[in-house]
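Tertiary structure, described
Each chain, written out:
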Amino acid sequence: MRRSRTLIISIAAAAAVALATAAVPAVGGWRSTAPQDQSLRALAGEHGLYIGTAIDVGALDDPTYAKIASTQFSTVTAENVMKWDTLEPERGVYKWELADEFMAFAKANHQKVRGHVLVWQNQLPKWLTDGVTDGSISSADLSQLLHDYITTVVKHFEGQVWQWDVVNEAVTDSWDSPAGQITYKGFWYQHLGEGYIADAFRWARSADREALLTYNDYNIDAFGDGGPLDKTEFVFQMVKSLRQKGVPIDVVGSQAHLSTRYGNYSPFQIADMLDRFATLGVATALTEVDVRNLMPQVVTGDTINPLLQAQAYDFSALMQGCLSSRHCLSYTVWGFDDGHSWTNTWDFGLGKGAERMATLYTADYQPKLAYSAVQADLAYSGAPRVLSRIPQQPKR
Ligand code: XIL
(Lines give C-alpha, C1' and ligand atoms only; values in the text may rest on other atoms or scores of the structure.)
Protein backbone atom coordinates (compact mmCIF):
# COMPACT_ATOMS: atom_id res chain seq x y z
CA MET A 1 0.00 0.00 0.00
CA ARG A 2 2.52 2.47 1.17
CA ARG A 3 4.76 1.76 -1.72
CA SER A 4 2.16 2.32 -4.34
CA ARG A 5 1.06 5.57 -2.72
CA THR A 6 4.65 6.82 -2.91
CA LEU A 7 4.74 5.80 -6.53
CA ILE A 8 1.56 7.71 -7.30
CA ILE A 9 2.86 10.76 -5.53
CA SER A 10 6.14 10.68 -7.39
CA ILE A 11 4.39 10.21 -10.74
CA ALA A 12 2.16 13.16 -9.94
CA ALA A 13 5.16 15.25 -8.95
CA ALA A 14 6.97 14.37 -12.14
CA ALA A 15 3.91 15.27 -14.18
CA ALA A 16 3.63 18.59 -12.40
CA VAL A 17 7.28 19.37 -13.14
CA ALA A 18 6.78 18.39 -16.79
CA LEU A 19 3.71 20.63 -17.07
CA ALA A 20 5.48 23.54 -15.43
CA THR A 21 8.46 23.11 -17.74
CA ALA A 22 6.23 22.95 -20.79
CA ALA A 23 4.51 26.15 -19.78
CA VAL A 24 7.75 28.11 -19.65
CA PRO A 25 8.53 29.40 -23.12
CA ALA A 26 12.01 28.64 -24.39
CA VAL A 27 14.07 31.77 -24.96
CA GLY A 28 13.14 33.18 -28.35
CA GLY A 29 10.70 30.30 -28.78
CA TRP A 30 6.92 29.94 -28.56
CA ARG A 31 4.79 33.01 -29.01
CA SER A 32 1.09 32.97 -29.91
CA THR A 33 0.26 34.30 -33.38
CA ALA A 34 -1.43 37.67 -33.11
CA PRO A 35 -4.94 37.65 -34.63
CA GLN A 36 -3.96 40.23 -37.21
CA ASP A 37 -1.34 37.81 -38.48
CA GLN A 38 -3.84 34.99 -38.92
CA SER A 39 -5.78 34.32 -42.09
CA LEU A 40 -9.53 34.82 -42.26
CA ARG A 41 -9.69 31.12 -42.99
CA ALA A 42 -7.90 30.15 -39.77
CA LEU A 43 -9.94 32.53 -37.65
CA ALA A 44 -13.28 31.53 -39.19
CA GLY A 45 -12.34 27.88 -38.72
CA GLU A 46 -12.35 28.40 -34.95
CA HIS A 47 -16.09 29.10 -35.23
CA GLY A 48 -16.76 26.25 -37.64
CA LEU A 49 -17.62 28.99 -40.13
CA TYR A 50 -16.53 28.76 -43.76
CA ILE A 51 -15.26 31.96 -45.32
CA GLY A 52 -15.27 32.12 -49.06
CA THR A 53 -14.71 34.04 -52.23
CA ALA A 54 -15.86 33.97 -55.82
CA ILE A 55 -13.00 32.93 -58.08
CA ASP A 56 -12.22 34.44 -61.46
CA VAL A 57 -10.62 31.38 -63.03
CA GLY A 58 -8.76 33.55 -65.55
CA ALA A 59 -6.94 35.30 -62.69
CA LEU A 60 -5.47 32.13 -61.17
CA ASP A 61 -2.34 32.63 -63.30
CA ASP A 62 -1.53 35.63 -61.13
CA PRO A 63 0.46 34.15 -58.23
CA THR A 64 -0.61 36.82 -55.74
CA TYR A 65 -4.26 36.29 -56.63
CA ALA A 66 -3.90 32.52 -56.31
CA LYS A 67 -2.03 32.80 -53.03
CA ILE A 68 -4.68 34.99 -51.37
CA ALA A 69 -7.50 32.87 -52.80
CA SER A 70 -5.98 29.69 -51.44
CA THR A 71 -4.78 30.86 -48.04
CA GLN A 72 -7.47 33.28 -46.86
CA PHE A 73 -10.57 31.32 -47.84
CA SER A 74 -11.96 27.91 -46.97
CA THR A 75 -14.78 27.82 -49.53
CA VAL A 76 -14.89 29.00 -53.14
CA THR A 77 -17.51 29.75 -55.78
CA ALA A 78 -16.88 29.96 -59.51
CA GLU A 79 -17.77 33.51 -60.51
CA ASN A 80 -18.83 32.55 -64.04
CA VAL A 81 -17.58 29.20 -65.29
CA MET A 82 -20.36 27.04 -63.84
CA LYS A 83 -23.13 29.00 -65.55
CA TRP A 84 -25.18 27.48 -68.37
CA ASP A 85 -23.71 29.57 -71.23
CA THR A 86 -20.22 28.37 -70.28
CA LEU A 87 -21.09 24.74 -69.55
CA GLU A 88 -23.34 24.05 -72.56
CA PRO A 89 -22.55 26.68 -75.22
CA GLU A 90 -23.97 24.46 -77.95
CA ARG A 91 -26.99 22.27 -77.44
CA GLY A 92 -25.83 18.89 -76.15
CA VAL A 93 -22.14 19.89 -76.15
CA TYR A 94 -20.75 20.32 -72.66
CA LYS A 95 -17.49 22.17 -71.99
CA TRP A 96 -16.17 21.20 -68.58
CA GLU A 97 -12.56 22.43 -68.85
CA LEU A 98 -12.82 25.73 -66.99
CA ALA A 99 -15.14 24.38 -64.31
CA ASP A 100 -12.88 21.38 -63.81
CA GLU A 101 -9.89 23.72 -63.48
CA PHE A 102 -11.77 25.59 -60.78
CA MET A 103 -12.69 22.35 -59.00
CA ALA A 104 -9.06 21.19 -59.10
CA PHE A 105 -7.97 24.46 -57.47
CA ALA A 106 -10.51 23.98 -54.68
CA LYS A 107 -9.46 20.39 -54.16
CA ALA A 108 -5.73 21.20 -54.09
CA ASN A 109 -6.41 23.80 -51.40
CA HIS A 110 -8.88 21.74 -49.34
CA GLN A 111 -11.69 24.21 -49.98
CA LYS A 112 -15.40 23.47 -49.98
CA VAL A 113 -17.24 24.38 -53.17
CA ARG A 114 -20.44 26.35 -53.52
CA GLY A 115 -21.81 25.34 -56.92
CA HIS A 116 -23.17 28.37 -58.76
CA VAL A 117 -25.65 28.28 -60.46
CA LEU A 118 -28.22 25.84 -61.88
CA VAL A 119 -31.35 27.87 -62.64
CA TRP A 120 -31.10 31.58 -63.40
CA GLN A 121 -32.40 33.91 -66.09
CA ASN A 122 -28.98 35.40 -66.86
CA GLN A 123 -26.03 33.94 -68.74
CA LEU A 124 -28.19 31.40 -70.54
CA PRO A 125 -26.87 30.03 -73.85
CA LYS A 126 -28.18 31.74 -76.97
CA TRP A 127 -29.37 28.47 -78.52
CA LEU A 128 -31.77 28.10 -75.57
CA THR A 129 -33.20 31.62 -75.48
CA ASP A 130 -33.37 31.85 -79.29
CA GLY A 131 -35.10 28.48 -79.48
CA VAL A 132 -37.77 29.64 -77.05
CA THR A 133 -38.21 32.94 -78.89
CA ASP A 134 -38.57 31.36 -82.35
CA GLY A 135 -40.87 28.62 -81.04
CA SER A 136 -38.58 25.70 -81.86
CA ILE A 137 -38.37 24.93 -78.13
CA SER A 138 -41.82 24.39 -76.59
CA SER A 139 -42.62 24.67 -72.87
CA ALA A 140 -42.53 20.88 -72.56
CA ASP A 141 -39.14 20.80 -74.32
CA LEU A 142 -37.89 23.56 -72.04
CA SER A 143 -38.84 21.68 -68.90
CA GLN A 144 -37.12 18.55 -70.24
CA LEU A 145 -34.01 20.58 -71.14
CA LEU A 146 -33.89 22.02 -67.64
CA HIS A 147 -34.21 18.56 -66.13
CA ASP A 148 -31.47 17.19 -68.35
CA TYR A 149 -29.16 20.14 -67.69
CA ILE A 150 -29.55 19.96 -63.90
CA THR A 151 -29.07 16.21 -63.90
CA THR A 152 -26.00 16.29 -66.15
CA VAL A 153 -24.27 19.11 -64.30
CA VAL A 154 -25.02 17.93 -60.77
CA LYS A 155 -23.95 14.38 -61.66
CA HIS A 156 -20.73 15.64 -63.24
CA PHE A 157 -19.74 17.27 -59.95
CA GLU A 158 -21.44 14.74 -57.67
CA GLY A 159 -19.73 14.42 -54.30
CA GLN A 160 -17.59 17.53 -54.87
CA VAL A 161 -20.10 20.29 -54.20
CA TRP A 162 -21.01 21.34 -50.66
CA GLN A 163 -23.83 23.76 -51.45
CA TRP A 164 -25.53 24.17 -54.82
CA ASP A 165 -27.26 27.41 -55.75
CA VAL A 166 -30.20 25.63 -57.34
CA VAL A 167 -32.49 28.58 -58.04
CA ASN A 168 -31.18 32.14 -58.20
CA GLU A 169 -33.06 35.47 -58.16
CA ALA A 170 -36.57 34.16 -58.85
CA VAL A 171 -38.59 37.09 -57.49
CA THR A 172 -39.11 40.78 -58.18
CA ASP A 173 -37.96 43.77 -56.14
CA SER A 174 -40.11 46.56 -54.79
CA TRP A 175 -38.95 48.82 -57.65
CA ASP A 176 -39.96 46.39 -60.41
CA SER A 177 -43.29 45.24 -59.01
CA PRO A 178 -45.78 47.45 -60.83
CA ALA A 179 -48.76 45.53 -59.45
CA GLY A 180 -47.75 46.77 -56.01
CA GLN A 181 -46.60 43.43 -54.76
CA ILE A 182 -43.56 41.18 -55.01
CA THR A 183 -44.08 38.27 -57.36
CA TYR A 184 -42.14 35.70 -59.39
CA LYS A 185 -40.10 36.93 -62.34
CA GLY A 186 -37.84 35.98 -65.20
CA PHE A 187 -37.40 33.60 -68.10
CA TRP A 188 -38.21 30.37 -66.26
CA TYR A 189 -41.32 31.71 -64.56
CA GLN A 190 -42.60 33.23 -67.81
CA HIS A 191 -42.27 29.96 -69.69
CA LEU A 192 -42.83 27.29 -67.03
CA GLY A 193 -44.75 28.97 -64.20
CA GLU A 194 -43.59 28.85 -60.57
CA GLY A 195 -43.57 25.02 -60.51
CA TYR A 196 -40.08 25.01 -62.02
CA ILE A 197 -38.68 25.96 -58.60
CA ALA A 198 -39.85 22.79 -56.82
CA ASP A 199 -38.92 20.69 -59.86
CA ALA A 200 -35.39 22.09 -59.91
CA PHE A 201 -34.78 21.25 -56.24
CA ARG A 202 -36.14 17.74 -56.66
CA TRP A 203 -34.08 17.06 -59.77
CA ALA A 204 -30.94 18.38 -58.07
CA ARG A 205 -31.54 16.13 -55.05
CA SER A 206 -32.00 13.07 -57.26
CA ALA A 207 -28.64 13.78 -58.89
CA ASP A 208 -26.67 14.33 -55.65
CA ARG A 209 -28.04 13.08 -52.32
CA GLU A 210 -25.39 14.86 -50.23
CA ALA A 211 -25.12 18.41 -51.57
CA LEU A 212 -26.98 21.12 -49.66
CA LEU A 213 -29.50 22.80 -51.95
CA THR A 214 -29.84 26.56 -51.81
CA TYR A 215 -32.31 29.22 -52.86
CA ASN A 216 -30.16 32.31 -53.49
CA ASP A 217 -31.22 35.94 -53.91
CA TYR A 218 -30.21 39.57 -53.42
CA ASN A 219 -31.99 42.33 -51.53
CA ILE A 220 -33.09 39.91 -48.82
CA ASP A 221 -30.55 41.05 -46.24
CA ALA A 222 -33.17 42.31 -43.81
CA PHE A 223 -36.90 41.93 -43.30
CA GLY A 224 -39.01 45.00 -44.06
CA ASP A 225 -42.51 45.88 -42.95
CA GLY A 226 -43.95 42.46 -43.78
CA GLY A 227 -46.18 44.07 -46.41
CA PRO A 228 -46.67 43.20 -50.10
CA LEU A 229 -43.44 44.94 -51.13
CA ASP A 230 -41.25 43.19 -48.57
CA LYS A 231 -39.07 40.92 -50.71
CA THR A 232 -37.49 39.11 -47.76
CA GLU A 233 -40.96 38.27 -46.42
CA PHE A 234 -42.01 36.99 -49.84
CA VAL A 235 -38.96 34.70 -50.02
CA PHE A 236 -39.63 33.57 -46.45
CA GLN A 237 -43.20 32.57 -47.34
CA MET A 238 -42.01 30.91 -50.54
CA VAL A 239 -39.41 28.80 -48.70
CA LYS A 240 -41.94 27.96 -45.98
CA SER A 241 -44.41 26.69 -48.53
CA LEU A 242 -41.74 24.73 -50.43
CA ARG A 243 -40.65 23.09 -47.16
CA GLN A 244 -44.26 22.26 -46.29
CA LYS A 245 -44.59 20.48 -49.64
CA GLY A 246 -41.47 18.45 -48.89
CA VAL A 247 -39.31 20.18 -51.50
CA PRO A 248 -35.66 19.46 -50.62
CA ILE A 249 -34.42 22.97 -49.92
CA ASP A 250 -31.68 23.12 -47.28
CA VAL A 251 -30.24 26.62 -47.33
CA VAL A 252 -31.30 30.19 -48.03
CA GLY A 253 -28.48 32.28 -49.48
CA SER A 254 -28.54 36.01 -49.06
CA GLN A 255 -26.21 37.42 -51.71
CA ALA A 256 -25.60 40.62 -49.71
CA HIS A 257 -24.48 42.89 -52.52
CA LEU A 258 -24.58 46.08 -50.50
CA SER A 259 -23.76 49.68 -51.31
CA THR A 260 -23.10 52.60 -49.03
CA ARG A 261 -26.03 54.31 -50.73
CA TYR A 262 -28.45 51.82 -49.18
CA GLY A 263 -28.16 53.39 -45.77
CA ASN A 264 -27.32 51.86 -42.46
CA TYR A 265 -27.64 48.17 -41.78
CA SER A 266 -27.17 46.98 -38.25
CA PRO A 267 -25.74 43.58 -37.32
CA PHE A 268 -29.02 42.91 -35.50
CA GLN A 269 -31.08 43.22 -38.69
CA ILE A 270 -28.83 40.71 -40.41
CA ALA A 271 -28.96 38.37 -37.40
CA ASP A 272 -32.76 38.66 -37.30
CA MET A 273 -33.04 37.79 -40.98
CA LEU A 274 -30.77 34.75 -40.60
CA ASP A 275 -32.49 33.54 -37.43
CA ARG A 276 -35.95 33.88 -38.93
CA PHE A 277 -35.03 31.79 -41.95
CA ALA A 278 -33.53 29.20 -39.61
CA THR A 279 -36.95 28.78 -37.94
CA LEU A 280 -38.06 27.14 -41.20
CA GLY A 281 -35.52 24.36 -40.69
CA VAL A 282 -33.12 25.70 -43.30
CA ALA A 283 -29.55 26.85 -42.80
CA THR A 284 -28.36 30.16 -44.20
CA ALA A 285 -25.34 31.56 -45.99
CA LEU A 286 -24.10 34.94 -47.10
CA THR A 287 -23.15 34.10 -50.64
CA GLU A 288 -21.91 37.14 -52.61
CA VAL A 289 -20.87 39.80 -50.13
CA ASP A 290 -19.51 43.08 -51.42
CA VAL A 291 -20.06 46.70 -50.45
CA ARG A 292 -19.97 49.22 -53.27
CA ASN A 293 -18.94 52.68 -52.43
CA LEU A 294 -20.32 56.11 -53.13
CA MET A 295 -18.65 57.92 -50.29
CA PRO A 296 -16.41 60.95 -50.78
CA GLN A 297 -13.07 59.79 -52.07
CA VAL A 298 -10.82 62.70 -51.25
CA VAL A 299 -9.70 62.67 -47.66
CA THR A 300 -7.06 64.98 -46.32
CA GLY A 301 -4.82 64.83 -43.29
CA ASP A 302 -5.54 62.48 -40.46
CA THR A 303 -9.32 62.53 -40.62
CA ILE A 304 -11.25 59.30 -40.66
CA ASN A 305 -11.66 58.03 -44.21
CA PRO A 306 -15.45 57.79 -44.63
CA LEU A 307 -15.17 55.64 -47.71
CA LEU A 308 -13.20 52.93 -45.97
CA GLN A 309 -15.08 53.21 -42.68
CA ALA A 310 -18.54 52.98 -44.19
CA GLN A 311 -17.58 49.97 -46.24
CA ALA A 312 -15.90 48.24 -43.30
CA TYR A 313 -19.02 48.78 -41.21
CA ASP A 314 -21.25 46.91 -43.66
CA PHE A 315 -18.81 44.03 -44.10
CA SER A 316 -18.67 43.82 -40.34
CA ALA A 317 -22.44 44.03 -39.78
CA LEU A 318 -22.83 41.07 -42.11
CA MET A 319 -20.06 39.13 -40.36
CA GLN A 320 -21.41 39.81 -36.88
CA GLY A 321 -24.91 38.83 -37.96
CA CYS A 322 -23.61 35.62 -39.47
CA LEU A 323 -21.47 34.76 -36.46
CA SER A 324 -24.39 35.27 -34.12
CA SER A 325 -26.69 32.90 -36.00
CA ARG A 326 -25.54 29.32 -35.54
CA HIS A 327 -27.19 28.17 -38.75
CA CYS A 328 -25.19 30.65 -40.86
CA LEU A 329 -22.77 28.23 -42.52
CA SER A 330 -20.65 30.43 -44.74
CA TYR A 331 -19.70 34.02 -45.55
CA THR A 332 -18.56 34.36 -49.15
CA VAL A 333 -17.29 37.57 -50.76
CA TRP A 334 -17.95 38.17 -54.45
CA GLY A 335 -14.33 38.65 -55.41
CA PHE A 336 -11.73 39.67 -52.83
CA ASP A 337 -9.85 42.46 -54.60
CA ASP A 338 -10.91 45.65 -56.34
CA GLY A 339 -9.00 44.63 -59.46
CA HIS A 340 -11.26 41.64 -60.09
CA SER A 341 -14.64 42.88 -58.98
CA TRP A 342 -17.72 42.76 -61.19
CA THR A 343 -18.57 46.23 -59.83
CA ASN A 344 -15.89 47.71 -62.11
CA THR A 345 -18.03 47.12 -65.17
CA TRP A 346 -21.58 46.53 -63.93
CA ASP A 347 -24.25 49.21 -64.12
CA PHE A 348 -26.20 49.38 -60.86
CA GLY A 349 -28.32 52.23 -62.16
CA LEU A 350 -25.80 55.05 -61.98
CA GLY A 351 -23.72 54.09 -65.02
CA LYS A 352 -21.14 51.37 -65.60
CA GLY A 353 -18.54 51.17 -62.89
CA ALA A 354 -19.97 54.20 -61.05
CA GLU A 355 -20.08 52.31 -57.77
CA ARG A 356 -17.03 50.23 -57.12
CA MET A 357 -14.14 49.57 -54.71
CA ALA A 358 -16.46 47.00 -53.20
CA THR A 359 -14.04 44.38 -51.88
CA LEU A 360 -11.66 43.58 -49.01
CA TYR A 361 -8.40 44.32 -50.86
CA THR A 362 -7.19 47.12 -53.13
CA ALA A 363 -6.38 46.37 -56.76
CA ASP A 364 -2.73 45.90 -55.73
CA TYR A 365 -3.74 43.40 -53.08
CA GLN A 366 -3.37 45.53 -49.98
CA PRO A 367 -5.92 44.61 -47.30
CA LYS A 368 -8.38 47.46 -46.66
CA LEU A 369 -9.98 48.52 -43.40
CA ALA A 370 -12.87 46.15 -44.20
CA TYR A 371 -10.41 43.27 -44.10
CA SER A 372 -9.25 44.05 -40.58
CA ALA A 373 -12.82 44.70 -39.45
CA VAL A 374 -13.84 41.22 -40.56
CA GLN A 375 -10.64 39.77 -39.13
CA ALA A 376 -11.31 41.40 -35.75
CA ASP A 377 -14.92 40.19 -35.74
CA LEU A 378 -13.66 36.65 -36.23
CA ALA A 379 -10.87 37.00 -33.69
CA TYR A 380 -12.79 38.63 -30.86
CA SER A 381 -16.14 36.83 -31.03
CA GLY A 382 -17.08 33.95 -28.83
CA ALA A 383 -19.30 32.82 -26.01
CA PRO A 384 -21.81 33.63 -24.70
CA ARG A 385 -23.41 34.86 -27.94
CA VAL A 386 -21.20 33.46 -30.64
CA LEU A 387 -21.15 29.67 -30.62
CA SER A 388 -19.95 27.25 -33.24
CA ARG A 389 -22.04 26.43 -36.28
CA ILE A 390 -24.75 23.77 -36.34
CA PRO A 391 -24.06 21.66 -39.43
CA GLN A 392 -26.91 21.21 -41.89
CA GLN A 393 -27.90 17.81 -43.24
CA PRO A 394 -29.55 17.47 -46.65
CA LYS A 395 -33.33 17.09 -46.46
CA ARG A 396 -34.57 13.89 -47.99
C1 XIL B 1 -21.80 38.28 -62.07
C2 XIL B 1 -20.31 38.12 -62.35
O3 XIL B 1 -19.61 38.58 -61.23
C4 XIL B 1 -19.93 38.91 -63.58
O5 XIL B 1 -18.58 38.67 -63.94
C6 XIL B 1 -20.85 38.55 -64.74
O7 XIL B 1 -20.55 39.39 -65.85
C8 XIL B 1 -22.30 38.71 -64.35
O9 XIL B 1 -22.57 37.93 -63.20
N10 XIL B 1 -25.68 37.67 -58.80
C11 XIL B 1 -25.18 36.44 -59.10
C12 XIL B 1 -23.85 36.32 -59.76
O13 XIL B 1 -25.79 35.42 -58.71
O14 XIL B 1 -23.75 35.20 -60.61
C15 XIL B 1 -23.49 37.56 -60.53
O16 XIL B 1 -22.16 37.42 -61.01
C17 XIL B 1 -23.64 38.78 -59.65
C18 XIL B 1 -25.07 38.92 -59.19
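Residues numbered from 1 in each chain as written. Predicted model: local features only at pLDDT ≥ 70, side-chain atom pairs only at ≥ 80, totals over all residues. Heavy atoms only, no water.

**Section: the pattern of salt bridges**
For clarity, the threshold we go by: Any carboxyl oxygen of Asp or Glu that lies within 4 Å of a side-chain nitrogen of Lys or Arg is treated as forming a salt bridge with it. Starting at the N terminus, helices and strands are each numbered in turn, a helix being any DSSP run of H or I of at least four residues and a strand any DSSP run of E of at least two. Relative accessibility under 20% of the residue-type maximum defines a buried residue, over 50% an exposed one, and the middle range a partly exposed one, all with a 1.4 Å probe and only protein chains included.
All told, the structure shown has 11 salt bridges when counted by the stated rule. Where Lys155 meets Glu158, a salt bridge forms, and the shortest distance between an N and an O atom there is 3.7 Å. With its nearest N and O atoms 3.3 Å apart, the salt bridge here joins Asp217 to Lys231. One end of the pair, Asp217, is in strand β5 (residues 212–217); the other, Lys231, is in helix α10 (residues 231–244), with 14 residues separating them in the sequence. Under the relative-accessibility criterion, Lys231 is labelled buried at 4%. One salt-bridge network, in which partners are shared between bridges, spans Asp173, Asp217 and Lys231.

**Looking at the packing of aromatic side chains**
Going by this rule: When the centres of two rings from Phe, Tyr and Trp lie within 6.5 Å, Trp using its six-membered ring, the rings pair. Their planes under 30 degrees apart give stacked, over 60 give edge-to-face, and anything left gives tilted.
In this structure the tally under the stated criterion is 19 aromatic pairs. Both rings, one in Trp84 and one in Trp188, keep their centres 5.8 Å apart while their planes meet at 10°; by these two values the pair is stacked. Residue Trp84 is found in helix α4 (residues 84–87), and its partner Trp188 is found in helix α8 (residues 186–192); the two are separated by 104 residues along the sequence. The class of Trp84 is buried, set by a relative accessible area of 2%.

**Concerning unusual backbone geometry**
Of note, the bond from His116 into Val117 is cis; its omega dihedral lies within 30 degrees of zero at 15°. The peptide bond linking Ala383 to Pro384 adopts the cis configuration, its omega dihedral lying at 5°. Of note, Pro384 is situated in the segment after α13 (369–379). The phi torsion at Glu169 lies on the positive side, around 55°, for a residue other than glycine.

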